[in-house]
Amino acid sequence: MMLTIENLTVSYGLHRALGGVSLTVSPGEIVVMLGANGAGKSSLLRAVAGICEGDTSGRIDLSGKDLLSRKPDEIVEAGIAFVPEGRGIFGDLSVWENLMLGAYSQRARAAKQDNLAAVLELFPKLAERKTQIARTMSGGEQQMVAIGRAMMSNPEILMLDEPSLGLSPLLSKELFGNLSKIRATGMGVLLVEQNAKQSLAIADRGYLIENGEITGENAAQAMLNDPAVQAAYLGGGAQTEHTQKERTNV
Ligand code: ATP
């Protein structure tokens, strides 16, 4: 099922954080959204997940179903799962309890055993650690619990807000490898990342977001090779006004 976002706006009082953003995520594709702090990336994911504190307008469509302003549990039921920044797991519960809570929705119940098998194949460590209390796990392990819990809701689209934050380079690499495996199951993945290099390396497409507007869209490989993207997001040198302007043509 395809996720189509059209002209989405988010305002917090008088402050407009998103000024009419349009993007798509197809099944079996990883889409990464890059942007500076405060650009509006989290607002976008939170609006789609139905947990944005601001006022929203526009269209959020999952294969013909309009999801704008629906309740978070209805959005999970429709097939969108969200791993928020900071992971959003229940620290005082065990790994197993966290996974089972992920399967609470109606759509997830019938497929619970299959989804569990898929999660444990992806993260065998979670089977070994199933009685461990989540907050006692390492950052990388907690990220596995968070993604596993989201997968237990049997989603069509998986959204993640900066999943590599706080992970070592090695664990980040493992995380992005796992996202590739998730894509191979046919799920669509929408990713917000600061780690532009590693995320573009596994993504299919990317969007640039600046001050609440999409300023560029391209195939991930083309973005990796784009001098303006390199300058702004890949540590390729000082950002000049010239490169700023060019980014609008990515
Ligand atoms: P970061 O990478 O730093 O998380 P971001 O691109 O995800 O940034 P958002 O968190 O979406 O950006 O924030 C966009 C703008 O909206 C910022 O100016 C932020 O201060 C503002 N904002 C976000 N959440 C709220 C809120 N609950 N109330 C008021 N303003 C908010």
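As the structure is a prediction and not an experimental result, all values here were calculated from the model.

Criteria and cut-off values
Residues numbered from 1 in each chain as written. Predicted model: local features only at pLDDT ≥ 70, side-chain atom pairs only at ≥ 80, totals over all residues. Heavy atoms only, no water. Axes fitted to C-alpha atoms, helices over the stretch in contact; angles between N-to-C directions. Helix = DSSP H or I, 4+ residues; strand = E, 2+ residues; numbered from the N terminus. Parallel < 35°, antiparallel > 145°, perpendicular 65-115°, else oblique. Left-handed = near helix turned anticlockwise from the far one by under 90°. Contact = heavy atoms within 4.5 Å. Core = buried A, V, L, I, M, F, W, Y, C linked by side-chain atoms within 4.5 Å. Buried < 20%, exposed > 50% of the residue type's maximum accessible area, 1.4 Å probe, protein only. Domains from an automatic or database assignment. Phe/Tyr/Trp six-rings, centres within 6.5 Å; stacked < 30°, edge-to-face > 60°. Lys NZ or Arg CZ within 6 Å of the ring centre and 35° of its normal. Pairing = 2+ DSSP bridges. Buried area = accessible area lost by both parts, 1.4 Å probe. Salt bridge = Lys/Arg side-chain N within 4 Å of Asp/Glu carboxyl O. Polar contact = N/O pair within 3.5 Å; in protein donor to acceptor, adjacent residues only side chain to side chain.

## Focus on the packing of helix H3 (residues 95-102) against helix H7 (residues 139-151)
Orientation of H3 relative to H7, taken along the N-to-C sense of each, is 30°, at an axis distance of 7 Å. Regarding the angle of H3 to H7, the classification is roughly parallel. In terms of crossing hand, the pair formed by H3 and H7 is right-handed. Residues Val-95, Asn-98, Leu-99 and Gly-102 of H3 form the contact with H7, whose participating residues are Val-145, Gly-148 and Arg-149.

## Quick word on the nonpolar core
One recurring pattern in soluble globular proteins is that nonpolar side chains are buried together. The biggest cluster of nonpolar side chains holds 44 residues, and the ones touching the most others in it are Leu-126, Ile-147, Leu-158, Leu-160, Leu-179, Ile-182 and Leu-200. With six residues, H7 is the largest single contributor of residues to this core. Lining this core are residues from two domains, each supplying at least three of them: domain 1 (1-79 + 156-164 + 177-250) and domain 2 (89-154). Counting 31 residues, the second largest nonpolar core, distinct from the first, contains Leu-23, Leu-44, Leu-45 and Ile-60.

## Section: the packing of aromatic side chains
Aromatic ring pairs: the centre-centre distance and the angle between the two ring planes describe each pair. Counted according to the given criterion, the structure contains zero aromatic pairs. Here Lys-130 stacks its cationic end above the ring of Trp-96, 4.8 Å away from the centre of that ring.

## Let's talk about the pairing of strand E8 (residues 188-192)
With respect to burial, E8 is a largely interior element, five of its five residues being buried. With burial as the criterion, each face of E8 is covered, one bearing Gly-188, Leu-190 and Val-192 and the other bearing Val-189 and Leu-191. In this sheet, E8 lies alongside strand E3 (residues 30-34) in parallel orientation, the contact comprising four bridges. Its bridge partner lying in E8, Met-33 is registered against Val-192.

## Focus: the domain arrangement of the chain
Entries for the chain in the domain assignment read domain 1 (1-79 + 156-164 + 177-250) and domain 2 (89-154). Here the C-alpha centroids of domain 1 and domain 2 sit 25 Å apart. Taking both sides of the interface into account, the surface hidden between domain 1 and domain 2 amounts to around 930 Å²; carbon and sulfur atoms contribute 65%. Taken together, domain 1 and domain 2 are joined by one salt bridge. Taken together, domain 1 and domain 2 are joined by five residue pairs in polar contact (both at pLDDT 80 or more). Those elements that place two or more of their residues in the side of domain 1 that touches domain 2 are helix H2 (72-78), strand E7 (157-161) and helix H8 (169-184).

## Observations concerning the side chain of Arg-183
Here Arg-183 is to be found in helix H8. Using a relative accessible area of 19% as the deciding quantity, one classes Arg-183 as buried.

## Side note on the sheet that holds E3
Spatial strand order, E6-E7-E8-E3-E9-E10: six strands in an open sheet with mixed pairing. Where the open sheet ends on each side, the last strands, each with one partner, are strand E6 (80-83) and strand E10 (213-219). Within this sheet the neighbouring strands show an average axis-to-axis angle of 15°, counted without direction. Across five bridges, E7 lies against E8 in parallel orientation. Counted as the bridge partner of Leu-158 is Val-189 from E8.

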